Amino acid sequence: QVQLVESGGGLVQAGGSLRLSCAASGSIFGFNPMGWYRQAPGKKRELVATVTSDGSRNYADSVKGRFTISRDNAKRTAYLQMNSLSPEDTAVYYCYARLVSPWNRDYWGQGTQVTVSS
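What comes next is a walk through the structure.

### Some points on the overall build of the protein
Item 1. Across its full length, the protein holds zero helices and 11 strands.
Item 2. Reading the helices (α) and strands (β) of the protein from amino to carboxyl end gives β-β-β-β-β-β-β-β-β-β-β.
Item 3. With the C-alpha coordinates of the protein rotated into their principal frame, the extents come out at 45 × 25 × 20 Å.
Item 4. A buried classification covers 42% of the 118 residues belonging to the protein.

Written as C-alpha cells, this is what we have:
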C-alpha cells in the first residue's frame, strides 16, 4: 500500500532548472529520511540528496551548491530543486523514503527521467 509518486522530470537545456516532487502515501507512520538517488545508463545508482524529518540535509559532492532538497512533513512530500543543470545530471531520478514504523523499511519511487541537453 505504501507508494512514492514522483513528478517533475523532463527535458531541459544546460543551465536550466527543474523541480522534482515525491509524495509518500499509504502509511500512518512517518518517513525518515526521504531523498533522491539517480542512475544513468550503465552506472550504479548513486545518492543525490537526503533530508531527515528534523531538516538535516546530505548532498552528493557533485550537486552541492546547485541542488536543494526540502520536505513538507504534513504532506509527506519531498522536493528537489535542481539549478544550473548540466548534461552530467542526465539520469533517472528515484525518490527514496524509509518507513520508520513498525520497523524500518525502504521504499522507492518508479523513477522520473531528467535529460539535460548541451
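Continuing now.
### Topic: the state of the cysteines
Item 1. For the structure shown, the criterion picks out one disulfide.
Item 2. Paired through a disulfide, C22 and C95 show a sulfur-sulfur distance of 1.9 Å. Between C22 and C95 the disulfide shows an S-S torsion of about -85°. By sign, it is left-handed. Of this pair, C22 sits in strand β3 (residues 18-25) while C95 sits in strand β9 (residues 91-99), placing them 73 residues apart in sequence. Taken individually, C22 and C95 each receive the classification buried, so the pair is uniform in this respect.

Conventions and cut-offs
Residue positions within a chain follow its written sequence, with the count starting from 1. With pLDDT at 70 or above as the cut-off, local features in this predicted model cover only qualifying residues; side-chain atom pairs require 80 or more to be listed or tallied, and sums for whole chains, interfaces and linings still use all residues. Side-chain numbers here rest on the full set of heavy atoms in the structure, without hydrogens or water. Secondary structure elements are taken from DSSP: a helix is a run of H or I of four residues or more, a strand is a run of E of two residues or more, and numbering for both begins at the N terminus. Working definition: with a 1.4 Å probe on protein chains only, accessible area under 20% of the residue-type maximum means buried, over 50% means exposed, and in between means partly exposed. Two cysteine sulfurs form what is called a disulfide whenever their separation falls within 2.5 Å.

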